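# An overview of the molecular structure
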Amino acid sequence: MNRRHILHLMGAAAAAWFAVPSPASAQQPPVKVGEVNSYTGLPAFTIPYRNGWQLAVEEVNAKGGLLGGRKLEVVSRDDAGKPDDAVRIAGELVANEKVDLLSGTYFSNVGLAVADFAAREKIPFVASEPLSDAVTWEKGNRWTWRLRPSTYMQAAMLVEEAAKLPAKRWATVAPNYEYGQSAVKWFKELLKAKRPDVEFVAEQWPAQGKLEAGPTVQALAASKPDAIFNVTFGADLAKFVREGDNRGLFAKRSVVSLLSGEPEYLEPMKDEAPKGWIVTGYPWDQVKTPENTAFVEAYRKRFNEPPRMGSVVGYATFKAIAAAIAKAGSADREKVLAALADLKIDSPFGPVLFRAIDHQSTMGAFVGRTDVKDGKPTMVDWRYADGAAYLPPDDVVRTLRPAE
């Protein structure tokens, strides 16, 4: 008597018990990403960022997931803006959660700490936001890749406009940690290269998140600059703008300001927002490209609010991760690394390439001026600056990045 006859005699219940599931019907383990970010440290940016990556993950899974049906799963943790906590958390994600790769971080010092951890543990790390050039240049490693345009790139975008100003005497104000220091360094160097006649007459270095606006504004005014380069953001930016207005710091002075056109920083200032500042940002409601329009519509439908810059960063980060795994055909660490080299993705800002030479993406930024219309802050006279146009030549990059 063969197996078919036995099952026929034993009935349907036994047949089901003996049945061998096909590979297609077996539950496949998810592809797991360990995500680390400063959700309590800077919620204005990181909460929209989280919304953005959640939208991307939902879209990937709605289309069947990855690698023949494996779900994309994110294990997210809050580093509270502390490098030591971020490294400890990353270790737990790798050891306990068995994640296939790491992503995230906001503050540059945190991003650098996690990048160093990724190199030690030999696990891919897609850094979403930390802007310091050290992430991909001086301290770059083969395991770390970065999405957002760096301080060098955004400084170069702003210098292009700053060099057109008649201003010769410049002052700077920036948070006293890696991001602020890198931004000021490159702005000074790149502006002097275009305008040898300029001089920098004052620098202010407030602690991040602890700006003492009165003394800072007073010190800047005392140096009698023609223009100011500002790198403060978030609550510090709002305090700086309010106190600067009250004391007349910005009267008849040009201001060039990194990130200040991003809606999470600009919109909370409402009608107190500055007018005429040259900024990088994201005029989400004015960009009518098919890519941005589709993203804005999907984001508003899902979260019932407009996107912020963080939303774009979170969304594009996880679209890149999914694309790398799909290109690799595997979640194997070495294969994912190979797939990230010269990976091309579509983003709300258009096509983006992750450069093999330095692991920096070509995502750009919008450059324009701030204004207040109908009581609401906005960007005007803006243009999109493609990140690929604001990176140094390959031979220069090779001198900046350690050989591997």
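Residues numbered from 1 in each chain as written. Predicted model: local features only at pLDDT ≥ 70, side-chain atom pairs only at ≥ 80, totals over all residues. Heavy atoms only, no water.

On to the overall build of the protein, then. The number of helices and strands found in the protein is 14 helices and 14 strands. Projecting the C-alpha coordinates of the protein onto the three principal axes gives extents of approximately 100 × 50 × 35 Å. When each of the 404 residues of the protein is scored for burial, the buried share is 56%. In the protein, the proportion of contacts linking residues at least 24 apart, taken out of those at least 6 apart, comes to 68%. Summed over all atoms, the accessible surface of the protein reaches about 17,200 Å², with 52% contributed by carbon and sulfur. (Helix = DSSP H or I, 4+ residues; strand = E, 2+ residues; numbered from the N terminus. Buried < 20%, exposed > 50% of the residue type's maximum accessible area, 1.4 Å probe, protein only. Contact = heavy atoms within 4.5 Å. Areas by Shrake-Rupley, 256 points an atom, 1.4 Å probe, with all protein chains shown as cover.)

To continue, consider the confidence of the model for the protein. Residues at a pLDDT of 70 or more form 94% of the protein, whose mean pLDDT is 93. In this model, residues 1-25 is a region of pLDDT below 50 whose contacts with residues beyond four sequence positions or in other chains number 8 contacts. (pLDDT = per-residue confidence, 0-100.)

A separate point is the packing of aromatic side chains. Note on aromatic pairs: each is described by the distance of the centres and the angle between the planes. Following the criterion strictly, the structure yields 25 aromatic pairs and no others. Here Phe295 and Tyr299 contribute two aromatic rings whose centre-to-centre distance is 5.8 Å and whose plane-to-plane angle is 45°, an arrangement assigned as tilted. Linking Phe295 with Tyr299, this pair stays in helix α11 (residues 290-303), spanning 4 residues, or about one helical turn. Both residues of the pair, Phe295 and Tyr299, count as buried. Three or more aromatic residues link up through ring pairs in this structure, and these residues are Phe45, Tyr106, Phe107, Tyr177, Tyr179, Phe233 and Tyr265. Here the guanidinium or amino end of Arg50 rests over the ring plane of Tyr39, the centre of that ring lying 4.8 Å away. The lysine or arginine in question, Lys188, covers the ring of Phe200, its NZ or CZ lying 5.5 Å from the ring centre. (Phe/Tyr/Trp six-rings, centres within 6.5 Å; stacked < 30°, edge-to-face > 60°. Lys NZ or Arg CZ within 6 Å of the ring centre and 35° of its normal.)

As a further point, take unusual backbone geometry. Glycine aside, a negative phi is what most residues show, and trans is what most peptide bonds show. Positive phi, normally seen in glycine, also occurs at Lys122, with a value near 55°. Here the phi dihedral of Lys270 falls at roughly 50°; this positive angle occurs in a residue that is not glycine. Note that Lys270 resides in the loop between α10 (263-266) and β10 (278-281).

This brings us to the pairing of strand β13 (residues 365-373). Judged by how many residues are buried, β13 sits mostly within the fold: 7 of 9 residues are covered. Bridge count between β10 and β13: 4 bridges; the pairing is antiparallel. Bridge pairing in β13 links Thr280 to Val367. Bridge analysis of β13 against strand β14 (residues 376-385) gives 8 bridges, and the strand direction is antiparallel. Bridge assignment links Lys373 to a residue of β14, and that residue is Lys376. Hairpin connection between β13 and β14: a loop of 2 residues separates the two successive antiparallel strands, and Asp374 in this loop has a positive phi of roughly 55°. (Pairing = 2+ DSSP bridges.)

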